[in-house]
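Each chain, letter by letter, is given below.
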Amino acid sequence: MAKLTLAEQYTLRGLTGRIVGEVLSDAYGIPSLGLVTNKTYICSSLTGAVEAAFLTDKGGLGRVLTALTEKPGDAAAAVKQLEGANTVMLAYGGEADAETNYALTKAFLKAAAEADLDADLFFHVRIWVPGFVKKAVQEDPQIAEYLQDRALGSFTFDLDRGVFVFHAVEVGDEGKVESEPLLEVPLSVEHTDLLRRSL
């Protein structure tokens, strides 16, 4: 993260949020979107960009809901705030370390399972690539059972080809987590450069 200035971090999240918001609206066909994130500047900028792009793509007729979790104990309240969203994006990353982001991810998934939140789930790249979903599924049978009944998605990137790759994710029997590429979206030169320097 320190390889980019804070201003560049905001630009990177704006560019990323535009693509993610448009794809969630178009390719995934989501009518209403919930986002759960932490209270960091960078995650907030991503969340705002995703929501703005999603609403713009819907011509202002879509619906967005936002919930914040600063600690795992906030998860149950966040789940309640997101009731009514067709899909919830877990957007933890940026300034928080992997241990913190995993704790928030697992707590939210556990709370969603306990409440039987009627929403599909979409995972930010910084949740998907480190294997947080697979780890939570392996550690908690209730989370595994809950996710088996949901449509799941995520995205990754391929900087050599300059694309975001969006995936369908499935949790199968015995906690097996698999993904299948759905579509690719080309990145601008600026976006690719910022991503490369952020790693």
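Attention in this report is confined to the structure presented alongside it. (Residues numbered from 1 in each chain as written. Predicted model: local features only at pLDDT ≥ 70, side-chain atom pairs only at ≥ 80, totals over all residues. Heavy atoms only, no water.)

## Looking at unusual backbone geometry
Inclusion rule: Secondary structure elements follow DSSP: runs of H or I of four or more residues count as helices, runs of E of two or more count as strands, with numbering from the N terminus.
Even without glycine at this site, Asp-116 takes up a positive phi of about 50 degrees. Within the fold, Asp-116 resides in the loop between α4 (98-115) and β4 (120-123).

## Regarding the sheet that holds β4
Formally: We call two strands paired when DSSP finds no fewer than two bridges between them. Here an axis means a line fitted to C-alpha atoms, over the contact stretch when the element is a helix, while the angle between two N-to-C directions is reported on a 0 to 180 degree scale. Any two residues whose heavy atoms approach within 4.5 Å at even a single point are treated as in contact.
One open sheet accounts for seven strands, arranged β2-β1-β3-β4-β5-β6-β7; its pairing is mixed. Taken across any chain shown, the strands that pair with only one partner, and hence form the sheet edges, are β2 (63-68) and β7 (177-186). Strand-to-strand, the axes of this sheet are offset by a mean angle of 25 degrees, without reference to chain direction. Across seven bridges, the pairing between strand β5 (residues 152-158) and strand β6 (residues 163-171) is antiparallel. Following the sheet pairing, Gly-153 is matched in β6 by Ala-168. Its contacts with the sheet put α4 on β1 (32-37), β3 (87-91) and β4, and the angle it makes with β3 is roughly 160 degrees.

## Some thoughts on the nonpolar core
As a reminder, the rule being used: We define the nonpolar core as a collection of buried residues of types Ala, Val, Leu, Ile, Met, Phe, Trp, Tyr and Cys that are connected through side-chain atoms lying within 4.5 Å of one another. Classification of residues uses two cut-offs on accessible area relative to the type maximum, computed with a 1.4 Å probe and protein chains only: under 20% is buried, over 50% is exposed, and between them is partly exposed.
Counting residues in each nonpolar core, the largest one holds 37 residues, and the members touching the most others are Val-36, Val-88, Leu-90, Phe-108, Leu-121, Phe-123 and Leu-147. When residues of this core are assigned to their parent elements, the largest contribution, eight residues, is made by α4. Ile-19, Val-23, Val-125 and Leu-159 belong to the second-largest nonpolar core, a separate cluster that totals 24 residues.

## Concerning the packing of aromatic side chains
Inclusion rule: The aromatic pairing rule takes the rings of Phe, Tyr and Trp, using the six-membered ring of Trp, and pairs them if the centres are within 6.5 Å, calling planes under 30 degrees apart stacked, those over 60 edge-to-face and the rest tilted.
According to the stated counting rule, one finds nine aromatic pairs in the structure shown. Aromatic side chains Tyr-28 and Phe-122 sit 5.5 Å apart centroid to centroid with 75 degrees between the ring planes, which places their arrangement in the edge-to-face category. You can see Tyr-28 sitting in the loop between α1 (6-26) and β1 and its partner Phe-122 sitting in strand β4, a full 94 residues away along the chain. When its relative accessible area of 25% is taken as the criterion, Tyr-28 is described as partly exposed. Of the aromatic side chains, those joined through ring pairs into one cluster are Tyr-28, Phe-122, Phe-155, Phe-157, Phe-164 and Phe-166.

## Observations regarding the environment of Thr-37
Condition: Whenever a nitrogen or oxygen atom comes within 3.5 Å of another N or O atom, the pair is scored as a polar contact, on the condition that within protein one atom can donate a hydrogen and the other can accept it, and that pairs from neighbouring residues in sequence are kept only if both atoms are in side chains.
If you trace the backbone, Thr-37 turns up in strand β1. In this structure, the C-alpha to C-alpha distance between Thr-37 and Glu-70, residues 33 residues apart in sequence, is 8.2 Å. In this structure the side chain of Thr-37 is engaged in a polar contact, spanning 2.9 Å, whose partner is the backbone oxygen of Ala-91.

## Overview of the pattern of salt bridges
Cut-off, in case you're wondering: Here, a salt bridge means any side-chain nitrogen of Lys or Arg that lies within 4 Å of a carboxyl oxygen of Asp or Glu.
Under the counting rule described, the total for this entry stands at 12 salt bridges. Ionic pairing is found between Glu-139 and Lys-106, a salt bridge with its closest N-O pair at 2.8 Å. With Glu-139 in helix α6 (residues 132-139) and Lys-106 in helix α4, this residue pair connects regions lying 33 residues apart in the sequence. For Glu-139, a relative accessible area of 40% puts it in the partly exposed group. One salt bridge in this structure joins Asp-140 and Lys-110, with 3.0 Å as the shortest N-O distance.

## Things to note about the packing of α1 against helix α2 (residues 41-57)
Cut-off, in case you're wondering: Each helix crossing is assigned a hand: it is left-handed if the near helix lies turned anticlockwise from the far helix by less than a right angle, otherwise right-handed if that turn is clockwise. Residue polarity follows a fixed list, in which Ala, Val, Leu, Ile, Met, Phe, Trp, Tyr, Cys and Pro are nonpolar, Asp, Glu, Lys and Arg are charged, and the others, Gly among them, are polar.
Where α1 contacts α2, the two axes come as close as 7 Å, and the packing angle between them is 35 degrees. Note that α1 runs across α2; the crossing there is right-handed. Residues belonging to the contact of α1 with α2 are distributed by class as follows: 11 nonpolar, seven polar and five charged.

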